[in-house]
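# Examining the three-dimensional arrangement
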Amino acid sequence: MASAIQKITLSSSRDIPFNKLVLSQANVRRVKSGLSIDELAADIARRGLLQGLNVRPVLDAEGAETGTFEVPAGGRRFRALELLVKQKKLNKTAPVPCVVREAGSPILAEDDSLAENVQRVSLHPLDQFRAFRTLLEKGLSEEEIAAAFFVPVTVVRQRLRLMTVSDKLLAVYAEDGMRLDQVIAFSISDDHARQEQIWEILSGSHNREPYLIRRMLTEKTVRASDARVRFVGLDPYVASGGHVMRDLFEVDDGGWLNDPALLDRLVMDRLGAAADEIRAEGWKWVETALSFPWGHTRAFDEIEGRPVAITEDELARIEALHAEQEAIEAEYAQADELPDDIDARLGEVEQEIETLETRPVTYDPAEMARAGAFVSLDSDGTLLVARGFVRPEDMPTDPDDDAVLTDAGGEGAHDVDPEDSGVGAVSGQVITDDDEPEDEVKPLPDRLVTELTVWRTLALRDAFASNPHVALTEFLHTLCLVLFHDIYDGACLQAGVRTVSFPVQGPDLAGSIPAHQVQARDEAWKADLPTDEDALWRWLDGLDNDSRLALLADCLSHGVNALYEKVHPYGAVSPRTIERRIARADRLAAALRLDPVEAGWTPTVDNYLGRVTKARILQAVREGRGEQAAQMIAHLKKPDMAREAERLLDGSGWLPEALRAGVPTPVEPVDDPTGRTGLPAFLSDEIAAE
């Protein structure tokens, strides 16, 4: 005969006056964690006690009950009630719901305390989201929900952001088929169909990391930090029907704009409006573009503008501002740092001085009638206007006005293969997976080598102009070869000086550090040089020796030619000429201690990694970050591999062969025995699991 299952008996519950309760020393909680006592007391005052206390009778020496009860489980609730009594918000004799453990129970008090704190399950984030959503639908604001649960408003908004995730994906998450960080990644978009499509793609892959989900959701978007967005502004974009995707869980630099076509139209409309205003000044033509290639005005003449004379009122204002600036600097000369308001005022003074001293320029209306202006977008998102340029066909017909040489060093620009150069282009062809064998490291494309050496030539010019001693040495060396050894070809320095233009350009050239510095140096000298020939002679004759050498170096720098060119069978440039030119450029780079990394070059998808084969990408990562880093991305598709390689190589100092010659210190891979240097989290996790 089967024995009956013995039924358990639950502890009785009763209301006990608060002044009959004492905190037990058997309570295992010693470290404060989670909600503070003040916040818990405020919550109890608002909604009452949601969970009773676990108590035991206190016995005297003879084992009899004293009428007092100790609290081994529920100590934080006890302290919160105690605080309410001290605040006169609760009577000290108020009844408190309690579960009473019988005296002499074999279950220890510490056992009860530990069980209550351990055997609890935190609310699932999805349940929290649904609860917040229900409260929101019942009329509570986000701020009221945050105040009721003692969490920041951002937490409520983040949880409510899960409303943008497809119900299908939330169901997958509820069944533990997806992690919370993956759900969060999907929340940056409210396109449920796209979310489900991406999850379907990734669900069969081992790589479902949040960064990849965000990348796929934003691959056809534009970051709010983009220069075009700063130029137009988010409000006009949204007012025109555009949508901004936001990530409430991570820094997103303002979000992503998911309608690039609308953004570009708004940019061009605003550029067009600016062009109309500039055209109304009296210019013959105005050209607009998002950006113009480096050196695009080389073949143009330029008319001279006259700065507007400063008025007496403006001069007095500048003097007053300088006096205020000097007074502030004198008063705080001994201070470690300026107070915030003083620092802000000093910045305003400096800005106003700069604005007043930067004089607007006027032009002769007769000259404006044959000249024009370029209107484009600067890299910081501001309007960039270049006025006063004259097209070659509008220049005065004068036999002495020779056109600016546009050949690559005067050695046969007509020999550049149109299919290989793309004159005026700023980007090259991208090699896809189908174009290449899997493991073969083929030579770099001719066009890419030319683009890399174009960048190096511009950096050499910048370094050359900054080092008069080396510039003069190279100039004399070139002249001696021509005058005493009859060697005319293959010169790195085209002494004369003939400006060497660039038949092809990489996408990063116009915004590079050398480009900005070369342009700024030229503009500074041009502003100082007199226009009259006799006056210019007298001005040059009166310069000190250091200034003369600096000007000489700047002039000579425009003749620096370190370009690689594709050699054609019947072209004017021979392989030996290119070889000798590059060799001399290497020597010049070593003398100038040119380091392309310090000059701002870093490998990106656009300027290198997206233009070479997968084998080349892996070789770059292997050289820059080590073998294990290369192995971790070897399985990726070409576009993903290029993007990951860009991130891995950032800060590594790695350079392609075309930029290495003359670098003082060879670049070595980062020493990381774990192989996790710079790797994304999912790759590091894979290593740890092996």
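Above: the structure in question.
In short, a report on the structure.

Quick notes on the rules
- Residues numbered from 1 in each chain as written.
- Predicted model: local features only at pLDDT ≥ 70, side-chain atom pairs only at ≥ 80, totals over all residues.
- Heavy atoms only, no water.
- Helix = DSSP H or I, 4+ residues; strand = E, 2+ residues; numbered from the N terminus.
- Contact = heavy atoms within 4.5 Å.
- Areas by Shrake-Rupley, 256 points an atom, 1.4 Å probe, with all protein chains shown as cover.
- Pairing = 2+ DSSP bridges.
- Axes fitted to C-alpha atoms, helices over the stretch in contact; angles between N-to-C directions.
- Patch = residues over 30% accessible without salt bridge, like charges linked within 9 Å, V, L, I, M, F, W, Y side chains within 5 Å.
- Salt bridge = Lys/Arg side-chain N within 4 Å of Asp/Glu carboxyl O.
- Lys, Arg positive; Asp, Glu negative; His and termini not counted.
- Charge placed at Lys NZ, Arg CZ, Asp CG, Glu CD.
- Buried < 20%, exposed > 50% of the residue type's maximum accessible area, 1.4 Å probe, protein only.
- Core = buried A, V, L, I, M, F, W, Y, C linked by side-chain atoms within 4.5 Å.

Time to look at the overall build of the chain. When you go through the chain residue by residue, the secondary structure sums to 28 helices and 14 strands. Here the contacts in the chain between residues at least 6 apart in sequence split such that 75% fall between residues at least 24 apart. Accessible surface, the chain: about 38400 Å² in total, of which carbon and sulfur atoms supply 52%.

What follows deals with the sheet that holds strand β10 (residues 301-302). What the four strands build is an open sheet, ordered β9-β13-β14-β10; its pairing is mixed. The strands lining the two open edges of the sheet, one partner per strand, are β9 (285-288) and β10. The pairing of β10 with strand β14 (residues 383-390) spans two bridges and is antiparallel. Across the sheet, the residue bridging to D301 is V390, located in β14. Helix α13 (residues 260-279) rests against β9, β13 (372-377) and β14 of the sheet, and its axis sits at about 155 degrees to β13.

What follows deals with a negative patch on the surface. Together, E326, E329, D336, E337, D340, D341, D343 and E350 make up a region of like negative charge exposed at the surface. The leading source of residues in the negative patch is helix α15 (residues 340-357), at four residues. Counting through the fold element by element, E326 comes out in helix α14 (residues 312-331). Of the residues examined, E326 reaches a relative accessible area of 52% and is grouped as exposed.

We now examine the sheet that holds strand β8 (residues 256-257). Pairing within the open sheet is antiparallel, and its three strands lie in the order β6-β8-β7. The open sheet has two free edges, formed respectively by β6 (222-223) and β7 (244-245), since each of these has just one partner strand. Relative to β8, β7 runs antiparallel, the two being bridged by two bridges. Opposite M245, over in β8, you have W256 as the bridge partner.

This brings us to the pairing of β13. With six of six residues buried, β13 lies mostly within the body of the structure. Both faces of β13 are covered, namely the face carrying G372, F374 and S376 and the face carrying A373, V375 and L377. When β9 meets β13, the two strands line up parallel, connected through four bridges. Bridging across to β13, V286 finds its partner in A373. Here β13 pairs with β14 via six bridges, running antiparallel. When the sheet's bridge partners are listed, V375 is paired in β14 with V385. Between β13 and β14, which follow one another and run antiparallel, lie five residues, and G381 among them has a positive phi close to 85 degrees.

Turning our eyes to something else, we now look at helix α10 (residues 210-217). Of all eight residues making up α10, six are buried, and the element is well covered by its neighbours. Within α10, burial applies to P210, L212, I213, R214, M216 and L217.

Our focus in this paragraph is the pattern of salt bridges. Under the criterion given, the structure shown has 23 salt bridges. R179 is the partner of D181 in a salt bridge, and the nearest nitrogen-oxygen pair spans 3.1 Å. Put simply, D586 and R456 hold a salt bridge, and the shortest N to O gap is 3.0 Å. Separated by 130 residues along the polypeptide, D586 in helix α23 (residues 575-592) and R456 in helix α18 (residues 446-465) bring together distant segments of the chain. Overall, D586 belongs to the partly exposed group, its relative accessible area being 24%. Each of R179, D181 and E209 takes part in salt bridges that share partners, so that together they form one network.

Another point: the nonpolar core. Formed by 50 residues in total, the largest nonpolar core has its most connected members in L452, L460, Y608, V621 and I633. Formed by 27 residues, the second largest nonpolar core is a distinct cluster that contains A227, V232, I303 and A373.

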